[in-house]
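Survey of secondary and tertiary structure
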Amino acid sequence: MTDNIPLQPVRRPKRHDGKHRNGCCPWSRCCGMGDFRPRTVWLGHPEKREQRYPRNVINNQKYNFFTFLPGVLFNQFKYFFNLYFLLLACSQFVKELRLGALYTYWVPLGLVLIITIMREAVEEIRCYLRDKEVNSQIYSKLSTRGTVKVKSSGIQVGDLIIVEKNQRVPADMIFLRTSERNGSCFLRTDQLDGETDWKLRLPVACTQRLPTAADLLQIRSYVYAEEPNIDIHNFIGTFTRVGLFDLEVNCLTKILFGALVVVSLVMVALQHFAGRWYLQIFRFLLLFSHIVPISLRVNLDMGKMVFSWMIKKDSKIPGTVVRASTIPEQLGRISYLLTDKTGTLTQNEMVFRRLHLGTVAYGMDSMDEVQSHVFSAYTQPTHDAPASRAPAATKVRKSIISRVHEAVKAIALVHNVTPVYESNGVTDQAEAEQHYEDTCRVYQASSPDEVSLVQWTESVGLTLVGRDQSSMQLRTPTGQILNFTILQIFPFTYESKRMGIIVRDESTGEITFYMKGADVVMAGIVQYNDWLEEECGNMAREGLRVLVVSKKSLTEEQYQDFEARYVQAKLSVHDRSLKVATVIESLEMEMELLCLTGVEDQLQTDVRPTLEILRNAGIKVWMLTGDKLETATCTAKNAHLITRNQDIHIFRPVTTRGEAHLELNAFRRKHDCALVISGDSLEVCLKYYEYEFMELACQCPAVVCCRCTPTQKAQIVRLLQERTGKLTCAVGDGGNDVSMIQEADCGVGVEGKEGKQASLAADFSVTQFKHLGRLLMVHGRNSYKRSAALSQFVIHRSLCISTMQAVFSSVFYFASVPLYQGFLIIGYSTIYTMFPVFSLVLDKDVKSEVAMLYPELYKDLLKGRPLSFKTFLIWVLISIYQGSIIMYGALLLFESEFVHIVAISFTSLILTELLMVALTIQTWHWLMIVGELLSLACYVASLVFLHEFIDVYFIATVSFLWKVTVITLVSCLPLYILKYLRRRFSPPNYSKLTS
């Protein structure tokens with residue numbers, strides 16, 4: 001996958017002496033030529049660098065061997081003082097100006113210059129020795145020969161360098177891997193910014209997962225870095241690794257190379273190692289070099305570009321962006337999909353669903369009753385002054401109207417929402433806000449939960465119409481404006497999980513402290529009750545986000561005392577945060593519980609059918625969320641992530657090793673059930689029983705992890721990769737999902753209300769979760785199958801001509817003589833066969849609608865059947881058969897001249913390749929037909945210019961035509977027959993659907 005690198009690279013010290021240096025920092029211009037520009041650096045391959053870089057040497061010398069004397073003299077005589085004496089000494093060469101002996105002027109000047117030259121020479125030597133000491137520091141470099149020692153001055157751009165503990169960083173470097181299992185590394189930047197504290201740095205995720213450092217050389221990857229700049233604290237770049245498919249192709253290429261070596265050795269052995277046999281080995285290695293196809297990588301890379309273009313141009317998944325064009329075929333082999341909940345499976349648009357007062361609850365079907373109670377609170381004579389409060393000693397049970405009114409008013413006040421008035425798209429505070437026009441009002445807040453609550457209070461009659469830093473205005477159902485002064489506000493934080501506000505009612509002068517927050521913290525703040533915990537659990541099980549709302553009335557003296565202590569705490573120099581929190585907590589005691597609110601996050605469009613498609617495709621879906629257990633479980637059921645007939649095992653909270661052991665044993669006794677576990681329990685299980693837990697979790701049809709931190713999300717992805725060896729895909733929409741997305745083999749970002757952090761960090765970006773189904777089932781499947789067919793056909797093309805060369809050499813006494821030369825060998829892999837072979841990127845076995853309707857077709861890809869050792873062996877055998885038939889046929893049927901063998905065999909080879917492409921194609925595209933005809937036309941037209949290799953008069957004879965026809969039919973007809981028989985008696989799954 002592709003990883004965005006937001007941190008700065010490990011950088012070498014910069015010089016601050018203000019002098020020009022010939023240093024080699026990679027951010028320097030290339031030997032002083034050209035402007036700064038971005039660069040692409042291939043890992044472990046310095047020879048692939050796009051431009052010429054300076055040497056990695058520290059050079060603090062002012063001069064070199066040739067510039068020393070001229071430089072010293074220039075620096076001395078550029079000052080008027082020395083220049084003056086030089087002119088005086090020179091004037092003595094003029095007889096008319098000579099005042100005495102020459103030495104009286106030149107000896108003093110000479111002594112001064114000699115001393116200066118000696119001083120400069122000593123400084124230069126010292127500087128040279130210091131530089132040499134730094135440049136001669138030994139580092140370990142990873143290479144194909146293993147770990148080798150290299151001087152700092154010998155390090156090149158693209159080298160893989162091992163930096164040991166307490167060793168200086170020799171150049172600007174990207175952190176790829178560390179020996180620490182947790183992937184952390186601490187370093188000091190004292191030579192950059194003077195800071196001596198240790199700073200944490202994390203490596204690129206996908207390279208850290210490699211088993212050993214040597215595996216860095218086995219992957220095909222590169223770093224794209226921004227243009228050099230002087231900012232030492234920021235660096236923007238992308239790291240791109242070739243995916244699993246490329247590793248498999250790389251493995252097949254190694255096998256082909258082994259075959260190349262074996263064939264060469266066999267040829268020499270059959271000569272009984274006569275003469276200079278070692279030279280013959282190299283000749284045969286060159287002769288059979290086509291066994292390893294040089295065009296394979298080019299074809300695959302071009303194919304990936306086509307696949308990426310197809311994804312971006314698909315009108316059924318508009319807005320999809322491919323940020324990593326090197327891994328589209330990875331989408332065709334996903335085994336585990338890990339998804340966030342809020343904003344990914346859900347819309348992150350909150351709708352108010354429930355108001356619970358303890359003894360009575362109001363749902364969506366009874367909101368008219370709430371509206372009626374609020375209206376009555378402001379219209380009935382007994383409630384003309386709704387803000388008045390009964391004396392604290394009075395324990396008269398409040399009426400339901402009063403309770404509903406107080407709850408609604410509290411919800412309308414305790415928030416950070418600001419109403420903004422817009423007119424014709426332009427904010428007009430002077431006019432629209434003055435009349436509080438409902439049609440122009442828009443609510444702005446940092447949280448959609450807050451907006452949904454304020455919108456609900458508006459729907460039941462109490463409307464937030466104005467707010468600034470110090471006041472708030474509510475409008476009652478009767479049109480009356482209630483003014484409140486904001487005395488203090490305590491914002492929501494993830495640590496406190498609550499927010500509060502102190503307001504003064506301007507009509508009565510009463511001061512009230514309102515607070516809302518999560519039930520886990522509010523339970524210890526409100527007065528004792530016997531229904532809070534139970535009802536919070538019930539509402540969470542319905543998939544609602546629950547907030548507890550409370551209040552506390554304050555006298556003027558109580559508030560003044562609090563304010564004095566609060567201001568004093570905020571002015572404290574030491575432990576300010578702790579002292580401020582302590583003062584606030586002094587108010588948060590014995591608060592009156594008013595109500596519970598429940599809001600629901602709506603599911604994204606078509607989430608249920610999308611998850612059904614993924615499940616039928618054999619992809620296991622894990623939901624990782626920060627929500628509480630009950631809410632996460634309900635959402636999983638609602639989205640059909642957990643089906644109705646599936647059992648659910650809710651992992652009990654565990655804190656010790658013994659508890660984790662008992663709960664894992666209980667879980668082990670259950671079969672085919674979904675797992676729901678909290679982040680705290682997960683951490684304990686992974687600490688003591690990582691292997692056992694992952695083994696059991698991987699057997700579950702679905703897993704829900706709640707209360708998960710971003711670090712835990714990334715850890716789960718990494719463990720799945722390590723334990724199963726399967727490909728993973730992570731989907732998220734927020735900044736807290738970035739670590740998970742970057743850790744996965746394929747990262748998909750959903751552009752949602754939480755910003756674009758996830759989509760920018762992902763390999764693929766979609767606008768809706770439902771697009772994931774088509775991205776995997778159609779594009780992922782097609783990309784993988786097409787890449788597999790393309791790679792194997794390119795290998796077949798190379799093996800076929802290599803087999804012909806082997807037969808030709810063996811017939812002619814194992815001579816290392818090439819069968820085809822010049823343009824024939826070049827044209828074979830280019831204009832004669834390139835277009836039909838590459839047209840395989842347009843092939844498809846089923847229509848996209850069928851692939852979506854029958855996601856079970858995706859299961860075959862999870863086993864890697866399109867590209868396996870079995871299919872590779874089949875293509876090898878086909879290549880050997882066809883190459884042998886063509887070559888032996890040409891040898892048997894040629895008449896007298898060698899050039900006739902070339903004409904017959906090469907023409908048969910071209911026709912065989914074109915027919916084999918036609919045999920491989922499953923759904924014809926008009927460009928495929930054009931490619932076939934164009935290649936054939938290019939070959940026929942080029943015969944006129946190939947008289948050096950082919951007898952033009954011979955190819956116009958009937959003898960040539962029937963010999964080529966017979967050889968081609970014997971080469972291809974059996975394969976066509978086998979394909980027909982296979983489709984007739986053992987058809988693949990997709991052929992059953994298409995028929």
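Here we summarise the structure given alongside this text. (Residues numbered from 1 in each chain as written. Predicted model: local features only at pLDDT ≥ 70, side-chain atom pairs only at ≥ 80, totals over all residues. Heavy atoms only, no water.)

1. Looking at the overall build of the protein chain
For the protein chain, the helix and strand inventory stands at 34 helices and 30 strands. With 995 residues in all, the protein chain has 50% of them scored as buried. Across the protein chain, every contact between residues at least 6 apart in sequence was considered, and the portion connecting residues at least 24 apart equals 71%. (Helix = DSSP H or I, 4+ residues; strand = E, 2+ residues; numbered from the N terminus. Buried < 20%, exposed > 50% of the residue type's maximum accessible area, 1.4 Å probe, protein only. Contact = heavy atoms within 4.5 Å.)

2. Brief notes about the pairing of strand S3 (residues 138-143)
Along S3, five of the six residues are buried, which leaves the element largely enclosed by surrounding structure. The pairing of S3 with strand S4 (residues 146-151) spans six bridges and is classified as antiparallel. Directly across from Leu 142, in S4, lies its bridge partner Thr 147. Remark: two residues form the turn of the hairpin made by S3 and S4, two consecutive strands paired antiparallel. (Pairing = 2+ DSSP bridges.)

3. Considering the pattern of salt bridges
Two side chains carrying opposite charge are able to pair once their charged atoms lie near each other. Enumeration over the complete set of coordinates arrives at 26 salt bridges. Through salt bridges with shared partners, one network takes in Lys 62, Arg 119, Glu 120 and Glu 123. (Salt bridge = Lys/Arg side-chain N within 4 Å of Asp/Glu carboxyl O.)

4. Some words on unusual backbone geometry
The phi torsion at Lys 497 lies on the positive side, around 60 degrees, for a residue other than glycine. Mapped onto the elements of the fold, Lys 497 is located in the loop between strand S19 (481-490) and strand S20 (498-505). Relative accessible area serves as the criterion here: at 32%, Lys 497 is assigned to the partly exposed category. Not every positive phi belongs to a glycine, and Glu 590 is a case in point at roughly 50 degrees. When you line up the elements, Glu 590 lands in the loop between helix H16 (576-585) and strand S23 (592-603). A residue is classified by how much of its surface remains accessible, and Glu 590, at 56% relative accessible area, is exposed.

5. Re the packing of helix H20 (residues 679-688) against helix H22 (residues 710-724)
Between H20 and H22, the shortest axis-to-axis distance is 12 Å and the interhelical angle comes to 45 degrees. One element, H20, and the other, H22, form an angle in the oblique class. At the point where H20 passes H22, the crossing takes the left-handed sense. Listed contacts from H22 to Gly 679, Leu 682, Glu 683 and Leu 686 of H20 are Gln 712, Gln 715, Ile 716 and Leu 719. Considered class by class, the residues forming the contact of H20 with H22 number four nonpolar, three polar and one charged. (Axes fitted to C-alpha atoms, helices over the stretch in contact; angles between N-to-C directions. Parallel < 35°, antiparallel > 145°, perpendicular 65-115°, else oblique. Left-handed = near helix turned anticlockwise from the far one by under 90°. Nonpolar A, V, L, I, M, F, W, Y, C, P; charged D, E, K, R; others polar.)

6. Some words on the environment of Ala 214
Take Ala 214: it is sitting in the loop between helix H5 (205-208) and strand S8 (221-225). Looking at Ala 214, the relative accessible area reads 41%, which means it is partly exposed. With 70 residues separating them in the primary sequence, Ala 214 and Thr 144 have C-alpha atoms 8.6 Å apart.

7. Comments concerning the nonpolar core
Ranked by internal contacts, the top residues of the largest apolar core, which has 82 residues, are Leu 337, Leu 611, Leu 614, Ile 619, Leu 772, Leu 775 and Leu 776. Among the elements that line this core, the one with the most residues is helix H25 (residues 771-811), at twelve residues. The residue makeup of this core includes at least three contributed by each of domain 2 (294-314 + 777-992) and domain 3 (331-345 + 604-766). If we ignore the near neighbours within four places in the chain, the residues touching Leu 614 are Leu 337, Ile 619, Val 621, Leu 772, Leu 776 and Met 777. By size, the runner-up hydrophobic cluster in this structure holds 41 residues, among which are Ile 401, Ile 501, Val 549 and Val 599. (Core = buried A, V, L, I, M, F, W, Y, C linked by side-chain atoms within 4.5 Å. Domains from an automatic or database assignment.)

8. Here's the deal with helix H32 (residues 926-942)
Given a rise of 1.5 Å per residue, 17 residues ought to cover 24 Å, and the 24 Å separating the end C-alpha atoms of H32 matches this to within 8%. All of the buried residues along H32 are Met 928, Gly 931, Glu 932, Ser 935, Tyr 939 and Ser 942. Projected down its long axis, H32 carries its buried residues within an arc of 120 degrees, all on one side. In H32, the exposed residues that point more than 90 degrees away from the buried face are Trp 926 and Leu 933. Each element contacted by the buried residues of H32 is listed here: helix H27 (834-838) and helix H31 (898-920). (Expected span 1.5 Å × (residues − 1). Arc of directions from axis to C-beta.)

9. A closer look at the side chain of Lys 304
Mapping Lys 304 onto the fold places it in helix H8 (residues 296-313). Lys 304 gets classed as buried once you look at its relative accessible area, which sits at 2%. The contacts of Lys 304, once residues within four sequence positions are left out, are Val 242, Asp 246, Arg 297, Ser 325, Thr 326, Pro 328 and Glu 329.

10. A short note on helix H3 (residues 103-135)
Across its 33 residues, H3 extends 45 Å between first and last C-alpha, which sits within 8% of the 48 Å expected from 1.5 Å per residue. Where H3 is concerned, the buried positions are Leu 109, Leu 113, Thr 116, Glu 120, Glu 124, Cys 127, Asp 131 and Asn 135.

11. Considerations on the packing of aromatic side chains
Evaluated as defined, the whole model comprises 23 aromatic pairs. Between Phe 651 and Phe 693, the aromatic rings sit 6.4 Å apart at their centres with planes inclined by 90 degrees, giving edge-to-face as the arrangement. One end of the pair, Phe 651, is in the loop between strand S25 (647-650) and helix H19 (657-668); the other, Phe 693, is in helix H21 (residues 690-698), and 42 residues separate them in sequence. Taking the relative accessible area as the measure of exposure, Phe 651 reaches 2% and is therefore buried. In this structure Phe 693 comes out as buried when scored by relative accessible area, which is 2%. Three or more aromatic residues link up through ring pairs in this structure, and these residues are Tyr 820, Phe 823, Tyr 828, Tyr 832, Phe 906 and Tyr 939. (Phe/Tyr/Trp six-rings, centres within 6.5 Å; stacked < 30°, edge-to-face > 60°.)

12. Digging into the packing of helix H6 (residues 244-270) against H25
Relative to each other, H6 and H25 sit at 5 degrees, their axes nearing to 12 Å. Between H6 and H25, the angle falls in the class roughly parallel. Residues Phe 245, Glu 248, Val 249, Leu 256 and Met 267 of H6 form the contact with H25, whose participating residues are Tyr 784, Ser 787, Ala 788, Ser 791, Ile 795, Leu 799, Ala 806, Ser 809 and Ser 810. Of the residues contributing to the contact of H6 with H25, the split by class is nine nonpolar, four polar and one charged.

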